[in-house]
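# Structural overview
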Amino acid sequence: AQKITQTQPGMFVQEKEAVTLDCTYDTSDQSYGLFWYKQPSSGEMIFLIYQGSYDEQNATEGRYSLNFQKARKSANLVISASQLGDSAMYFCAMREIENTGNQFYFGTGTSLTVIP
Amino acid sequence: NAGVTQTPKFRVLKTGQSMTLLCAQDMNHEYMYWYRQDPGMGLRLIHYSVGEGTTAKGEVPDGYNVSRLKKQNFLLGLESAAPSQTSVYFCASSPDRSEPYNEQFFGPGTRLTVL
């Protein structure tokens, strides 16, 4: 079974609008971390935001927030007030702290295009 | 701090040639990883290391070997390159999983083409 599922291969959003990128995960661990990375066309992987499984509040970092719904095992990334520079690939990832904390699991990514 | 660096940034090989990719990190991280990224497939783990002198197989280890002789370096070797190994290779490092902020830090990537 896939550990991380991103069901949106491509998304479009109007500049200045908000957009939600979906991510669901599969784990039996009680302790785990969820991450989002951005990969612009230049190729580097940029860490955006982190959510720990025991964190009661949704993580926020500037215009990025993580909509964490533990019971549904979802960790959607919300980007508010989209900018042209947000056009990139976005990857959701998970690290299981208890069992296989040595590895990170990545989704296949969502390509976001911001339209002027 | 340089973070995670990779050498080289680009390389073209002929089928059957060998090469070594070098990854270095200056953050004193215990864990290091090698991934390959192919279009539409996200990141796939090749090998990883949980400390100096240790290595383990990831999802797609065949055709690759690794070594971690020093904590700060993680080498990825291709003994006999094949066109199927044309890809972008990323190295990453992370602190121990018990750390509160334990995300991976990535290198800039190496674009490898095997003709």
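Residues numbered from 1 in each chain as written. Chains lettered and ligands numbered in written order. Predicted model: local features only at pLDDT ≥ 70, side-chain atom pairs only at ≥ 80, totals over all residues. Heavy atoms only, no water.

### With respect to the overall build of chain B
The condition that has to hold: In this text, helices come from DSSP runs of H or I with a minimum length of four residues, and strands from runs of E with a minimum of two, each type numbered from the N-terminal end. A radius of gyration in this sense is built from C-alpha atoms; the matching globule rule multiplies 2.2 Å by the number of residues raised to 0.38. Here, residues are in contact when the closest pair of their heavy atoms is within 4.5 Å.
When helices and strands are counted, chain B shows zero helices and 11 strands. When the elements of chain B are put in sequence order from the N terminus, they spell out β-β-β-β-β-β-β-β-β-β-β. For chain B, the C-alpha radius of gyration of 13 Å lies close to 13 Å, the compact-globule estimate for 115 residues. Taken over the C-alpha atoms alone, chain B extends approximately 45 × 30 × 25 Å along its principal axes. Taking the intrachain contacts of chain B between residues at least 6 apart in sequence as the baseline, contacts between residues at least 24 apart amount to 55%.

### Re the nonpolar core
Looking at soluble globular proteins, one finds that nonpolar side chains tend to be buried together. Put simply, the rule reads: The term nonpolar core refers to a set of buried residues drawn from Ala, Val, Leu, Ile, Met, Phe, Trp, Tyr and Cys, joined through side-chain atoms within 4.5 Å. Burial status follows relative accessibility: with a 1.4 Å probe on protein chains alone, a residue under 20% of its type maximum counts as buried, one over 50% as exposed, and anything between as partly exposed.
Ranked by internal contacts, the top residues of the largest apolar core, which has 25 residues, are A:Y25, A:W36, A:I49, A:L77, A:Y90 and A:L112. Broken down by secondary-structure element, the contributors of at least two residues to this core are strand 3 (19-21), strand 5 (32-39), strand 6 (46-52), strand 8 (64-69), strand 9 (74-79), strand 10 (88-96) and strand 12 (110-115) of chain A. Ranked by the residues each element gives to this core, the list is headed by strand 10 of chain A, at four residues. Ranked by size, the runner-up nonpolar core spans 19 residues in total, among them B:V4, B:C23, B:L112 and B:V114.

### As for the environment of A:L112
Residues and elements named next belong to chain A. Tracing the backbone through its elements, the reader meets L112 in strand 12. Separated by 22 residues in sequence, L112 and Y90 place their C-alpha atoms 7.3 Å apart. Ignoring sequence-local partners within four residues, the contact set of L112 consists of M11, V13, V19, L21, I79, D86, S87, A88 and Y90.

### Section: the sheet that holds strand 7 (residues 65-67) of chain B
Residues and elements named next belong to chain B. Threshold: By the convention used here, strands pair only if DSSP detects at least 2 bridges between them. Angles here are taken between N-to-C directions and fall from 0 to 180 degrees, while the axes themselves are lines fitted to C-alpha atoms, restricted in helices to the stretch in contact.
Pairing in this open sheet of four strands is antiparallel, and the strands run 1-3-8-7 from one edge to the other. Looking at strand neighbours, the two that pair on one side only are strand 1 (4-7) and strand 7, the edges of this open sheet. Across the sheet, the mean angle separating the axes of adjacent strands is 20° when strand polarity is ignored.

### Let's talk about the pattern of salt bridges
The condition is simple: The salt bridge definition used is simple: a Lys or Arg side-chain nitrogen within 4 Å of an Asp or Glu carboxyl oxygen.
Here the structure, examined in full by the defined rule, presents five salt bridges over all chains. One salt bridge in this structure joins A:E96 and A:K3, with 2.8 Å as the shortest N-O distance. Taken together, the positions of A:E96 in strand 10 and A:K3 in the segment before strand 1 (4-5) put the pair 93 residues apart, joining distant regions of the chain. By relative accessible area, A:E96 is classed as buried at 3%. A salt bridge links B:D38 to B:R44, with the shortest nitrogen-to-oxygen separation between them at 2.8 Å. Neither residue differs from the other here; B:D38 and B:R44 are each classed as buried. One connected set of salt bridges, linked through shared partners, spans B:R36, B:D38 and B:R44.

### Description of the state of the cysteines
Here is the rule we go by: What counts as a disulfide here is a pair of cysteine sulfur atoms lying within 2.5 Å.
Enumeration over the complete set of coordinates arrives at two disulfides over all chains. Paired through a disulfide, A:C23 and A:C92 show a sulfur-sulfur distance of 2.0 Å. A torsion of -65° about the S-S bond marks the disulfide between A:C23 and A:C92 as left-handed. You can see A:C23 sitting in the loop between strand 3 and strand 4 (24-25) and its partner A:C92 sitting in strand 10, a full 69 residues away along the chain. With a sulfur-sulfur separation of 1.8 Å, B:C23 is cross-linked through a disulfide to B:C91. The S-S bond linking B:C23 to B:C91 shows a torsion near -75°; that makes this disulfide left-handed. One end of the pair, B:C23, is in strand 3 (residues 19-25); the other, B:C91, is in strand 9 (residues 87-94), and 68 residues separate them in sequence. Note on B:C23: relative accessible area 0%, which makes it buried.

Coordinates in, geometry out; function isn't part of it.
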